[in-house]
Number of protein chains: 2
Amino acid sequence: MIKRETQVDQILKDIRGIVNQMVPREAKITEIEFEGPELVIYVKNPEAIMKDGELIKDLAKVLKKRISIRPDPDVLLPPEEAEKLIFEIVPKEAEITNIAFDPSVGEVLIEAKKPGLVIGKNGETLRLITQKVKWAPKVVRTPPLQSQTIYSIRQILQSESKDRRKFLRQVGRNIYRKPEYKSRWIRITGLGGFREVGRSALLVQTDESYVLVDFGVNVAALNDPYKAFPHFDAPEFQYVLKEGLLDAIIITHAHLDHSGMLPYLFRYNLFDGPIYTTPPTRDLMVLLQKDFIEIQQSNGQDPLYRPRDIKEVIKHTITLDYGEVRDISPDIRLTLHNAGHILGSAIVHLHIGNGLHNIAITGDFKFIPTRLLEPANAKFPRLETLVMESTYGGANDIQMPREEAEKRLIEVIHQTLKRGGKVLIPAMAVGRAQEVMMVLEDYARIGAIDAPIYLDGMIWEATAIHTAYPEYLSRRLREQIFKEGYNPFLSEIFHPVANSKERQDIIDSNEPAIIIASSGMLVGGPSVEYFKQLAPDPRNSIIFVSYQAEGTLGRQVQSGVREIPMVGEEGRTEVIKVNMEVHTIDGFSGHADRRELMNYVAKVRPRPERVITVHGEPQKCLDLATSIHRKFGLSTRAPNNLDTIRLR
Amino acid sequence: MIKRETQVDQILKDIRGIVNQMVPREAKITEIEFEGPELVIYVKNPEAIMKDGELIKDLAKVLKKRISIRPDPDVLLPPEEAEKLIFEIVPKEAEITNIAFDPSVGEVLIEAKKPGLVIGKNGETLRLITQKVKWAPKVVRTPPLQSQTIYSIRQILQSESKDRRKFLRQVGRNIYRKPEYKSRWIRITGLGGFREVGRSALLVQTDESYVLVDFGVNVAALNDPYKAFPHFDAPEFQYVLKEGLLDAIIITHAHLDHSGMLPYLFRYNLFDGPIYTTPPTRDLMVLLQKDFIEIQQSNGQDPLYRPRDIKEVIKHTITLDYGEVRDISPDIRLTLHNAGHILGSAIVHLHIGNGLHNIAITGDFKFIPTRLLEPANAKFPRLETLVMESTYGGANDIQMPREEAEKRLIEVIHQTLKRGGKVLIPAMAVGRAQEVMMVLEDYARIGAIDAPIYLDGMIWEATAIHTAYPEYLSRRLREQIFKEGYNPFLSEIFHPVANSKERQDIIDSNEPAIIIASSGMLVGGPSVEYFKQLAPDPRNSIIFVSYQAEGTLGRQVQSGVREIPMVGEEGRTEVIKVNMEVHTIDGFSGHADRRELMNYVAKVRPRPERVITVHGEPQKCLDLATSIHRKFGLSTRAPNNLDTIRLR
C-alpha cells in the first residue's frame with residue numbers, strides 16, 4: 001500500500017559509498033539496505049566491525065541513521081547445528097528452556113532460567129556463541145509462566161521471516177525516501193476519542209507525512225459503527241488510506257479503545273505499513289484483539305475481523321523499547337516513554353521537521369507510582385504541544401489515596417466473606433487485574449486475606465505476559481523478583497479458572513471466594529456471567545476498581561440501577577435483580593486523577609506552549625482545558641472529533 | 001469528474017409518475033429531467049400548464065424541488081424565423097438592439113432600448129411572442145455601454161448549448177442523488193484567506209457533500225505558489241478533487257483574491273462541476289481573469305492558465321440572483337444575498353442538513369450605503385455560524401466618514417491641479433474605480449471639478465458591465481437611471497484610454513488630468529506605468545482609496561518608502577524616486593470598517609451562536625474575534641489556514 005519510496009536507490013547508493021569507505025575491508029560487507037527504521041549492514045565477519053568500539057557510532061553520526069550490523073545469512077550456521085553447539089557451549093546449570101531463531105534479523109533468542117550463565121563472565125560465553133554460530137544471540141530469563149500469546153507471536157515471526165524482511169525493507173525505503181515537501185505545516189485531526197472515551201485515533205499530518213496514533217474501538221457502542229469506529233468518513237483519512245500515504249501507526253497501549261480496530265485495517269486491505277509500539281503492548285493487544293473476536297462470537301455478533309487479520313498486525317509491528325529514538329518518516333522521529341498506565345503503555349513523543357515542532361501524546365497515563373508500574377515520564381528533550389488524556393479531568397475527579405483504597409478494598413472483602421458472600425471484582429484483563437492481584441497478594445502474605453482468589457477471562461494469560469517483561473515493571477517489583485527471588489505473580493493464592501464448569505462450581509460452592517474477572521465494565525466476558533448469578537444474593541459484593549464508560553452495564557450497576565433486563569441463555573429476556581452490595585473504589589485506577597493531571601502539567605519539562613485535552617467526557621475535557629489555561633497560562637483546547645488543529 | 005449520481009434513475013421515475021398525474025394531458029409532456037438545481041418539464045404546449053396559476057407552485061410543494069417548464073425543442077421555431085416574427089410583433093419604437101437565442105434553456109433574450117414596449121400592456125405583447133415563436137422570451141434594457149465581455153459570454157453559452165445542457169443534467173443528477181449518509185457532521189477548513197488577505201478558499205464538508213466557497217489567488221505573492229495558491233496540499237482537498245466529490249464552488253465576488261484560481265482547476269482537469277454566483281460576478285470575474293493572464297504575460301511570467309480555461313469557467317457557471325434559493329447537493333441549500341462590496345458581491349447562506357445548521361459567509365462586505373450599492377443584507381431565515389471578513393477588524397481601523405472622504409478627495413485634487421500636477425488614483429478596475437467615478441461625476445456636475453478624468457486598464461469595460469446590471473446598483477443610482485433618465489456612468493467627463501500611446505500622451509501633456517487606473521495596489525496594470533513616470537514630479541499626487549495588501553508596491557509607497565528599485569523596460573533595475581504627494585483616503589473602501597463590522601454583528605438576525613473571523617491580517621482577525629466575544633458573548637474563533645472547525 002505504501003507508494004512513496006522516491007529516489008531511495010540514489011540515496012542508498014550514496015550511503016553505500018560512504019559505508020564502504022569507513023568500514024575495514026576484512027569485515028566483508030555483502031549488503032547494505034534500509035530495514036524498518038534502521039540501516040542494516042550485512043557482513044561476513046562482524047567481529048571486524050565490533051572490535052572498533054567507535055565505528056558504529058561514527059557511522060551513525062555521519063549518516064544520521066541508526067545502524068545495525070548483521071551477519072550475512074550465508075555465514076549463519078543452520079539452526080539445528082547452531083542449537084546443538086549452543087547447548088554444548090552453555091553450562092547445564094544455566095537451564096536453557098528454549099532456543100528460537102529469527103532469520104529476518106539473524107538473531108537467536110536463548111531463554112534460560114539463569115541467563116547470567118549464558119552470558120558468562122564479562123560476556124565470554126556469549127562471545128563464544130557468536131563466534132561459533134554467527135547468529136546474534138539475545139538472552140532472556142525464562143518467564144515463570146508460559147504465555148501462549150508470546151509463543152505464537154514468536155512462531156509467526158519466525159515462520160514469516162522472509163515476508164517480514166521484505167516488509168521491513170519496504171518500510172525502510174519509505175522512511176528514508178527523499179522528501180517531496182519541506183515541512184511547512186503540522187496539524188492533528190481527531191478521528192476518535194476527542195471529548196469521549198473509546199475509539200481513540202489521532203491523525204498527525206505534515207505536508208510530507210501522515211501518522212496515526214492509536215486506532216481503537218468503542219466496545220460499548222458496537223451496535224452503531226458510526227459511534228464505535230474512528231471516523232473513516234473524514235476526508236483526510238479517506239485520502240491517506242486510499243492513496244497509501246499512511247507512514248505509520250503508533251499504539252500507546254494495548255486496551256481495545258486504543259488498539260482494537262487495528263486488525264480491521266488489514267481485513268479490508270486499508271493499510272500495509274508499520275505499527276510501532278512496545279513489545280509488551282504488541283503481545284497484550286494481540287491477546288485482547290483475539291479475546292474481542294471471541295466475545296463477539298459468544299454474543300452472537302459477526303466479529304469485526306478474523307484471527308488472520310491479527311496475524312497481519314503481528315507481522316506489521318515493529319517494537320521499540322522506552323527511550324529508543326527512531327525515524328518513522330522523512331520528517332518525523334518517534335520516541336516512546338513510560339506512561340504508567342498498564343504494562344508497556346507509552347507516551348508518544350514526535351519530533352517533527354528537524355526541530356520545527358515537538359508533540360507528546362500521553363495516551364492513558366498515571367502520574368503516581370502504582371504497585372505495578374513507575375509513574376509516567378515527564379521529561380522530554382523538546383516539547384511544544386502536549387496532548388493529554390482527561391478521563392478524570394473534572395474539578396471533582398479526585399481519587400481516593402492508594403493506601404485508603406487498599407484498606408477499603410480489604411474491608412469490603414472482609415465484610416463480604418464474613419457474611420458468607422462472594423466478592424466479584426470486574427477488571428480489565430490487562431492492568432487493573434494485575435494491580436489488584438498485587439494488592440491482594442501483599443495482604444494475603446501477611447495473613448490478612450484467607451480465601452482463594454479466582455482469575456477468570458484472559459487475566460491469567462495477561463499475567464503470564466507481565467512475567468515475561470519484568471524490566472517494564474515497577475522498581476519495587478523488579479527488586480522482589482530479581483533480588484529477593486520472590487515473584488508475587490506466582491503466589492499460590494491465585495487460581496486460574498480453566499472453563500465454564502469450573503466457573504459454575506465456584507459460583508455454586510458455599511465456600512468464600514474472591515473473583516477477579518474480565519471484562520472490567522461488564523461488557524461481555526465471564527464477569528457478566530458471574531454478575532448475573534451473584535447479583536441477586538445480598539450477601540455478595542461487586543467492587544468496581546476502574547473507570548466505567550457511558551453506555552456500559554458496569555456504569556448502570558455503578559450508578560444504582562437495581563433491576564436490569566438481560567438476554568438469558570435461551571435468548572429470552574430476564575430481569576436481573578441487583579441485591580448484592582455495589583462498591584466503587586477508584587483509588588486503583590490506571591488513569592491520572594485531576595490532581596495528577598494538573599501536577600503533570602506543572603512538572604512536565606520543557607514547559608509546552610499548548611495543551612490539548614482529549615479522552616474524556618466533554619465536560620471533563622473542557623473543565624481540564626479551562627483549569628490548565630487559568631492556572632498555567634498555557635494556550636489550551638478541548639477539540640471535538642473531526643476538528644483539525646494546526647500546530648505550526 | 002462528478003462521480004456520484006446514485007439511484008437518480010429510480011428517483012426520476014418516481015417523480016415522473018407524480019408529474020404525469022398532476023399535469024393535464026393537453027400539456028403534452030415530452031421529457032422530465034433534472035437540469036442544474038431544477039426539475040425541468042418539457043412540454044409541447046406550455047400554455048396548458050401556465051393557465052393554471054397554482055400548478056407549478058403545487059408541483060414544487062409536492063416534489064420539494066424548483067420546477068421549470070420549457071417548450072419542447074421540437075416545437076421551437078427556428079431562430080431565423082423566430083427573430084423575424086419578433087421584429088414583426090414588437091413595435092419599432094421599442095428599438096430592439098439584439099436578439100439572442102439560448103437553446104440550452106429554450107430562451108430568447110430580447111434587448112431593447114424601451115423594454116416596456118416589448119412586454120406590452122399587461123404583458124400582452126410578450127404573451128403573443130410566446131405563442132408564436134414558442135421560445136420563452138426574456139426582455140432586458142439595452143445597456144448604454146457595450147460590454148465585450150458580456151457579448152462573448154453570451155456567444156459561448158449559445159454556441160456550447162448542447163454541452164451546456166449535458167452539463168446541467170449531470171449537475172442535476174448529482175444534486176438530486178440519493179444521499180449516502182445522514183448529515184451527522186458539518187465542518188469547514190481554511191484552504192486560504194484565513195488570517196490573511198488573498199487566495200480566499202473555504203471548504204465546507206458534511207459527511208454527504210463538499211462545497212468550496214471562493215477560490216482566489218494572492219497576486220502579490222505569485223513568486224511563491226505555496227503562498228499564492230490555496231492549500232492544494234490539504235489532504236481533505238486532495239481527496240475531494242481526486243475522487244471528484246466537489247459538489248459545487250460558490251464565488252462571493254469577482255476580485256481575483258476570491259475568484260482568480262478558478263480557471264486553474266479547469267486547466268488541470270481538477271473540477272467539472274458547477275460554479276454558482278450572481279450574473280454580474282460571472283461577467284466581472286471573467287474580465288478580471290482575462291486581465292490577469294495579460295498582466296502575467298506583460299510581466300514576462302507564464303500565465304497560470306489559458307483563455308480556454310476561462311471559457312470552461314463560463315460554461316460551468318450557474319448564475320443566481322440575490323434571494324433565489326437552490327439545492328446544490330442532497331443536504332445543502334444555497335442562497336446569495338447582497339454584500340454591498342462590489343457589483344454582484346454576495347453573502348453566501350448555506351442551509352445544511354434540512355435544518356441541522358445554517359452558515360452565512362460574508363465574503364467581502366460593506367455595511368453602509370455607498371454611491372454604488374446598498375449596504376449588506378443582515379437578515380437570514382436561520383443562522384448559527386457567521387463567517388465574516390476582518391480586513392479592517394483592528395480596534396483602530398475606523399474609516400473616515402464618507403462625506404469627509406469625498407471632501408478630502410476633492411481638496412487633494414484641487415490642490416494638485418492648481419499647482420499644475422496630475423492626480424493618479426490607482427483603483428481596482430472593479431468596484432473602487434466606479435465608486436470614485438460616481439463621486440467625481442457628482443462634483444463635476446455642479447462644476448467643482450474641471451479636468452478630464454482618464455480611465456485606464458479594465459475600468460471602462462468593468463463600467464460597461466455595471467451599466468448592464470442596473471438592478472444590482474443602489475436605489476439612488478437606479479432612480480437616476482430609470483426615473484430621471486440620467487446615467488452618470490455616461491458622463492462626458494470620462495475618457496477611456498485606448499492604448500499605450502494615448503497613455504503616454506496623457507503623461508507627457510502639460511494639461512491637468514485625473515487618472516483612475518488599475519491595478520489598485522500597483523501590482524501590474526497601467527497604474528504601475530503611470531506611477532513610474534509621475535512619481536518623480538513633486539507637483540503630482542497619488543491617492544490610495546482602497547486596501548493595500550502586505551507585499552504590494554502600493555503598500556510600500558503608502559507606508560512612506562521614497563526610493564523604489566523597479567525593473568525598467570530594458571530589464572535593468574532603475575530606482576524610482578517618489579517625490580509626488582502620497583495620500584491615503586480610506587473612506588471609499590468597499591470593506592466594512594471596524595465600526596461597521598461590530599455593528600453588523602449587533603444587527604444580524606437571527607443572532608448566530610458562533611462568529612468566525614477570516615480575511616484579515618492575523619492581528620485584525622484575532623482582535624475582531626476577541627472584541628465580538630467580549631461585547632456580544634458569542635463564541636468566536638480566528639482560525640488559521642488548514643485549521644478545521646467542526647460546526648456540528
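Residues numbered from 1 in each chain as written. Chains lettered and ligands numbered in written order. Predicted model: local features only at pLDDT ≥ 70, side-chain atom pairs only at ≥ 80, totals over all residues. Heavy atoms only, no water.

### Some details on the overall build of chain A
Summing up its helical and strand segments, chain A has 23 helices and 28 strands in all. Taken over the C-alpha trace, chain A has a radius of gyration of 25 Å; the compact-globule value for 648 residues is 26 Å, and the two agree within 12%. C-alpha atoms of chain A, sized along the principal axes, occupy 80 × 60 × 45 Å. Classification of the 648 residues of chain A by burial places 61% in the buried group. Intrachain contacts of chain A at a sequence separation of at least 6 include 73% that bridge at least 24 residues. Between the centroid of the 85 positive side chains of chain A and the centroid of its 86 negative side chains there is a distance of 5 Å. (Helix = DSSP H or I, 4+ residues; strand = E, 2+ residues; numbered from the N terminus. Rg over C-alpha atoms; globule rule 2.2 N^0.38 Å. Buried < 20%, exposed > 50% of the residue type's maximum accessible area, 1.4 Å probe, protein only. Contact = heavy atoms within 4.5 Å. Lys, Arg positive; Asp, Glu negative; His and termini not counted. Charge placed at Lys NZ, Arg CZ, Asp CG, Glu CD.)

### Examining the pairing of strand β18 (residues 422-426) of chain A
Residue and element names in this part refer to chain A. For β18, the buried fraction is high: 5 of the 5 residues fall into the buried class. Alternating residues of β18 divide into Lys422, Leu424 and Pro426 and Val423 and Ile425, and every residue in both groups is buried. Bridge analysis of β18 against strand β21 (residues 513-517) gives 5 bridges, and the strand direction is parallel. If you follow Lys422 over to β21, its bridge partner there is Ala513. Here β18 pairs with strand β22 (residues 541-544) via 2 bridges, running parallel. Within the sheet, the bridge partner assigned to Val423 lies in β22 and is Ser541. (Pairing = 2+ DSSP bridges.)

### Regarding the domain arrangement of chain A
A common way to state how big an interface is: give the accessible area lost once the parts meet. Residues and elements named next belong to chain A. When its domains are assigned, chain A resolves into domain 1 (7-74), domain 2 (77-142), domain 3 (178-396 + 591-646) and domain 4 (402-584). At the junction of the two partners, domain 1 supplies 5 residues and domain 2 supplies 5 residues. Carbon and sulfur atoms supply 50% of the area buried between domain 1 and domain 2, which totals about 410 Å² over both sides. Among the residues of domain 1 in contact with domain 2, Glu47, Arg70 and Pro71 are the three that bury the most area, contributing 82% of the side total. Along the contact surface separating domain 1 from domain 2 lie 0 salt bridges. Here domain 1 and domain 2 share 1 residue pair in polar contact (both at pLDDT 80 or more) between them. Partitioned by chemical class, the residues of the side of domain 1 that touches domain 2 number 2 nonpolar, no polar and 3 charged. (Domains from an automatic or database assignment. Buried area = accessible area lost by both parts, 1.4 Å probe. Salt bridge = Lys/Arg side-chain N within 4 Å of Asp/Glu carboxyl O. Polar contact = N/O pair within 3.5 Å; in protein donor to acceptor, adjacent residues only side chain to side chain. Nonpolar A, V, L, I, M, F, W, Y, C, P; charged D, E, K, R; others polar.)

### So, the packing of helix α7 (residues 148-159) of chain B against helix α14 (residues 307-316) of chain B
Residues and elements named next belong to chain B. At a minimum axis distance of 10 Å, the contact between α7 and α14 shows a crossing angle of 70 degrees. One finds that α7 runs roughly perpendicular with respect to α14. Residue-level contacts link Ile153, Ile156 and Leu157 of α7 to Lys311, Ile314 and Lys315 of α14. Within the contact of α7 with α14, the residues separate by chemical class into 4 nonpolar, no polar and 2 charged. (Axes fitted to C-alpha atoms, helices over the stretch in contact; angles between N-to-C directions. Parallel < 35°, antiparallel > 145°, perpendicular 65-115°, else oblique.)

### Description of the UniProt feature "binding site: Zn(2+) 2" in chain A
All names here are of chain A. Mapped onto the present numbering, the UniProt feature "binding site: Zn(2+) 2" falls on Asp257, His258, Asp364 and His615. Across 359 residues of sequence, these annotated residues stay compact in space, with a maximum C-alpha separation of 10.5 Å. Inspection of the secondary structure assignment puts Asp364 in the loop between β16 (357-361) and β17 (385-389). A relative accessible area of 2% means that Asp364 is categorised as buried. Beyond its immediate stretch of four places on either side in the chain, Asp364 contacts His253, His258, Ala339, His341, Glu389, His591 and His615. (UniProt positions renumbered as here; feature names shortened; annotations may be inferred.)

### Quick look at the interface of chain B and chain A
Between chain B and chain A, the residue contacts involve 24 residues of the former and 24 residues of the latter. The junction of chain B with chain A conceals about 2200 Å² of combined surface from both sides, 49% of it contributed by carbon and sulfur atoms. Of all residues in chain B, Pro235, Tyr239 and Arg646 of chain B give up the largest surface area on contact with chain A, accounting jointly for 26% of the area buried on that side. Here chain B and chain A share 4 salt bridges between them. For the interface between chain B and chain A, the tally reads 15 residue pairs in polar contact (both at pLDDT 80 or more). For the side of chain B that touches chain A, the per-class residue count stands at 7 nonpolar, 7 polar and 10 charged.

### Some thoughts on the nonpolar core
Core analysis: the biggest nonpolar cluster contains 186 residues, and Leu409, Leu440 and Ile516 of chain A together with Leu409, Leu440 and Ile516 of chain B have the highest contact counts within it. Filtering out sequence-adjacent residues up to four positions away, Leu440 of chain A remains in contact with Leu409, Ile410, Ile413, Ile449, Ile453, Ile493, Ile514 and Ile516 of chain A. (Core = buried A, V, L, I, M, F, W, Y, C linked by side-chain atoms within 4.5 Å.)

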